[in-house]
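Each chain, letter by letter, is given below.
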Amino acid sequence: MTVNGQVRRAEVPAETTLLSVLREAWGLTGSKLGCDVGDCGACTVLVDDLSVNACLLLAVQVDGREVLTIEGMGGFDYLHPIQAAFERLSSIQCGFCAPGIVISAKALIDKNPHPTEQEIREALAGNLCRCTGYTKIIEGIAEACRAPVGTDGSA
Ligand code: FES
Ligand code: FES
């Protein structure tokens, strides 16, 4: 499969999940293992631009497809506008939910660059924040939609 623009290969048992391959075979530990049953969204990644729970997909189901994880969204020298907005607004507390939420927000904004608050809430319906800071997270996503596309989001 292609992960964050890079072709990756692994030989794993058939029952291995996409999340396990990302984290354990390739060291991409940004996607988190929370519930492991599709409830929390901490493992959310994009597969062919669709947000999915990586804990529910088998790696073999993703063979030959394109995957985007949080590691492909930004880094120390470039923050995606969603990440930059979260930083500016202090949207994140412990951060465990953040990778999945950023990916879900990207999936939303890619399709709908100017979502309503309700649409943001609906897009995050599969992402739980155990710190319960949803208000700042939703504000951060709305803020990112106001930022010029292609910038690092710096004020
Ligand atoms: S770890 Fe995948 S949805 Fe919770
Ligand atoms: S910021 Fe802690 S789980 Fe969301």
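Now for a quick tour of the structure. What you see is a predicted model, and the numbers here were worked out from it, not measured in a lab.

What counts, and at which threshold
Residues numbered from 1 in each chain as written. Chains lettered and ligands numbered in written order. Predicted model: local features only at pLDDT ≥ 70, side-chain atom pairs only at ≥ 80, totals over all residues. Heavy atoms only, no water. Phe/Tyr/Trp six-rings, centres within 6.5 Å; stacked < 30°, edge-to-face > 60°. Lys NZ or Arg CZ within 6 Å of the ring centre and 35° of its normal. Helix = DSSP H or I, 4+ residues; strand = E, 2+ residues; numbered from the N terminus. Expected span 1.5 Å × (residues − 1). Buried < 20%, exposed > 50% of the residue type's maximum accessible area, 1.4 Å probe, protein only. Arc of directions from axis to C-beta. Contact = heavy atoms within 4.5 Å. Salt bridge = Lys/Arg side-chain N within 4 Å of Asp/Glu carboxyl O.

Side note on the packing of aromatic side chains
What the rule picks out here adds up to zero aromatic pairs. Of note, Arg-130 hangs over the ring of Phe-96, and the distance from its end group to the ring centre comes to 4.5 Å.

With respect to helix H5 (residues 134–146)
Here H5 contains 13 residues, and its C-alpha end-to-end distance of 19 Å stays within 8% of the 18 Å for a straight helix at 1.5 Å per residue. Considered for burial, the residues of H5 that qualify are Ile-137, Ile-138, Gly-140, Ile-141, Ala-144 and Cys-145. All buried residues of H5 project into a common sector of 155° when viewed along the axis, lining one side. What points out from H5, more than 90 degrees from its buried face, is the exposed set Thr-135 and Arg-146. Looking at the buried residues of H5, the elements they touch are helix H2 (81–89), helix H3 (98–111) and helix H4 (117–123).

Focus: the pattern of salt bridges
Under the criterion given, the structure shown has five salt bridges. Note that Arg-146 and Glu-143 form a salt bridge whose closest N and O atoms lie 3.5 Å from each other. Remark: Glu-143 and Arg-146 occur in helix H5; sequence separation between them is three residues, near one turn of the helix. Classification of Arg-146 by relative accessible area gives exposed; the value is 61%.

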